[in-house]
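Each chain, letter by letter, is given below.
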Amino acid sequence: MMGIALIALVGGKAEGGQEVLPLIPWPVEIERGTGQYVLAGGAQVCYGPGAQELADLMVAELEKTTGLKLASPAAADLGERVVVIGESATLPSNLSPPAFPEAYLLQVTADSVVLAGGDRAGLLWAFRTWQQLLHEEQGQWSSPAVFIRDYPRFPRRSLLLDPARNFLSLDALKRQVDLLSAFKFNVLHFHLTDDQGWRFESKAFPRLQEVGGEGRFYTQEQLRELVAYAQARGVTVMPEMDMPGHSTALLAAFPELSCSGKPVEVSHTVGIHPNALCPAKEEVYEFLQPLLAEVAAVFPSEFIHIGSDEVMATDWEQCPACDKLLAENSLEGKKGLHAYFLRRVSEIIVGLGKRTLAWDEVTEFAPAGVVIQAWRRQSWAEVAARQGREAVVSPILYTYVDYNRLLLPLRRCYSFDPVPAGLLPEEAKLILGGGANLWGEWATEDRLDLQLYPRLLALAEVYWSPPEQKNYPDFLLRLDQVRTKLEAQGVRFGDVNPAMVWDTVKLVGKGVQIAAGMLVK
Ligand SMILES: [Zn+2]
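Residues numbered from 1 in each chain as written. Predicted model: local features only at pLDDT ≥ 70, side-chain atom pairs only at ≥ 80, totals over all residues. Heavy atoms only, no water.

**Remarks on the packing of helix 8 (residues 282-298) against helix 10 (residues 333-351)**
Next, step 1: As a packed pair, helix 8 and helix 10 sit with axes 10 Å apart at the nearest point and diverge in direction by 30°. The handedness of the crossing between helix 8 and helix 10 is right-handed. The residues of helix 10 that touch helix 8, namely those facing Glu282, Val284, Tyr285, Leu288, Gln289 and Leu292, are Tyr340, Phe341, Arg344, Val345, Ile348 and Ile349. (Axes fitted to C-alpha atoms, helices over the stretch in contact; angles between N-to-C directions. Helix = DSSP H or I, 4+ residues; strand = E, 2+ residues; numbered from the N terminus. Left-handed = near helix turned anticlockwise from the far one by under 90°. Contact = heavy atoms within 4.5 Å.)

**Let's talk about the coordination of the zinc ion**
Next, step 1: Around the zinc ion, the protein contributes the donor atoms Cys259 (SG), Cys278 (SG), Cys319 (SG) and Cys322 (SG), which lie 2.2 to 2.4 Å from the metal centre.
Next, step 2: Taken in chain order, the donor set of the zinc ion reads C-x18-C-x40-C-x2-C. With Cys259 in the loop between helix 7 (248-253) and helix 8 and Cys278 in the loop between helix 7 and helix 8, this pair connects stretches of sequence that are 19 residues apart. Summarising the burial analysis for this pair, Cys259 and Cys278 share the class buried. (Donors = N, O, S within 2.8 Å, 3.2 Å for Na, K, Ca; no water. Buried < 20%, exposed > 50% of the residue type's maximum accessible area, 1.4 Å probe, protein only.)

**Some thoughts on the layout of surface pockets**
Next, step 1: The calculated volume of the largest pocket comes to roughly 1100 Å³.
Next, step 2: Taken together, 32 residues form the lining of the largest pocket, with Thr65, Gln131, Ala182, Leu486 and Gln489 sitting closest to its centre.
Next, step 3: Within the residue set of the lining of the largest pocket, elements represented by two or more residues are helix 2 (52-66), helix 3 (120-133), strand 6 (135-137), helix 4 (170-182) and helix 17 (472-488).
Next, step 4: Each residue belonging to the lining of the largest pocket can be placed in one class, and the counts come to 15 nonpolar, eight polar and nine charged.
Next, step 5: No fewer than three residues from each of domain 1 (2-150) and domain 2 (156-466) sit in the lining of the largest pocket.
Next, step 6: In this model, the second largest pocket occupies a volume close to 460 Å³. (1 Å grid on protein atoms, 1.4 Å probe; cavity = no way out; pocket = protein on both sides within 12 Å on 5 of 7 lines; lining within 4 Å. Points joined across faces, edges and corners; volume = space filled by probe spheres on them. Nonpolar A, V, L, I, M, F, W, Y, C, P; charged D, E, K, R; others polar. Domains from an automatic or database assignment.)

**Description of the pairing of strand 13 (residues 303-307)**
Next, step 1: A large share of strand 13 lies buried, amounting to five of its five residues.
Next, step 2: Neither face of strand 13 is left uncovered, since the one carrying Phe303, His305 and Gly307 and the one carrying Ile304 and Ile306 both have all their residues buried.
Next, step 3: Relative to strand 13, strand 12 (residues 236-243) is paired through two bridges, and the arrangement is parallel. Note on strand 13: the bridge partner recorded for Glu240 is His305.
Next, step 4: Two strands pair when backbone bridges link them, and strand 13 and strand 14 (residues 355-359) are joined in this way by three bridges, in the parallel orientation. Bridged to Phe303 within strand 14 is Arg355. (Pairing = 2+ DSSP bridges.)

Everything listed is a geometric property; what it means functionally is a separate question.
In structure tokens:
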């Protein structure tokens, strides 16, 4: 009888008659129980030491979802990082929190919901999983009985958003942070500067936002608000300040920092621009040091991403200062200049107590400690790992969700394996994870959902779930249910959109071969 109730509760059925649990990403271990936990007004959110702030978040989110305002008493007999939702705060004796980062246990019985985390993030992810199971039917909120033990495959799971190309409001960003947190992404990769706009308020150099941002930027106060909002939801905001290329907006404010010093204007077109900072001018580093110090003070992120992709830098070839730098340091060509620039900027970032992330163009010459983000091809992560260097992956052919779904179908996102084949186990450990990239050229605020969903959910599972548990047909069944829930919350799911011509041009422009058969899979 209970089993039948359970089936009715969660809706759809997989082949063979077993009900589908609407979980994305799929957990490491799951045991199905019988029966369900019914959430009623008499329940409390009882928390052990160190979990009050998360218990408050749970109470607030549960009230928003269910209308039930639950009490949240501290319960000294609960362990650290343990929350019990129910009418009494009893922790089953067989349960103890896992001891490693982001890991969690979730036990749902007819009596209670027990959430236990290896750390703050783990406890939060336990709650996120339970929220996915929580379901309303005829005014009654309940979740099926389960025991779940879970932890991520990779420590970094990111989404790149790009307000440099299309400005995004703080509300739109917070809304995407909520969704990232719901699916256990833990990094918002925030592309704050590019040829088309400078979005970071500098108090030292206000011309950056006034001229380079054309007045559209985030104040430091707004950014701190976003950082705190995201942090509370398990998401770190990592700034990307793209340099030495992709810097037209910066140079519109400070043209003297390029080789020629010629005035330029903020770009309003797409494509790769030749403007770049001059690596040989000492004033470039005198400018970047206080600027990056401001960035470091606003973002507690371990990493500052400095882009370093697509450096055309035609200026560098006709610059006496660059020639002199090459000669004096026995460097060769553009690569030599780029390597010098990267070393100087990395020293600034390390001096600020941070680490440097950069796109894969710098893999062959980056100083030790710089982490590579592979985007052109995943094999750059392989090159990095073979050097003993850490890497994250977001290759164009699997994770560029700014492309339409003919060019990047859901199935291909799901099929992605972040660890390049052929790495030794100790090299594979250097792959810290990866992300989805939603570049902003065409991603206006009202298109974000359509580009991200459902493909971001496939990538959630790619970066979290054990590869041997991945199963595309099963994912699609769960996606159906998750989609129904998300659409009820106002999330818009995209279908194949007609921006085909742009996508094709962009891919060719980036030097990626469009293989036959890639268009529709
Ligand atoms: Zn120069």
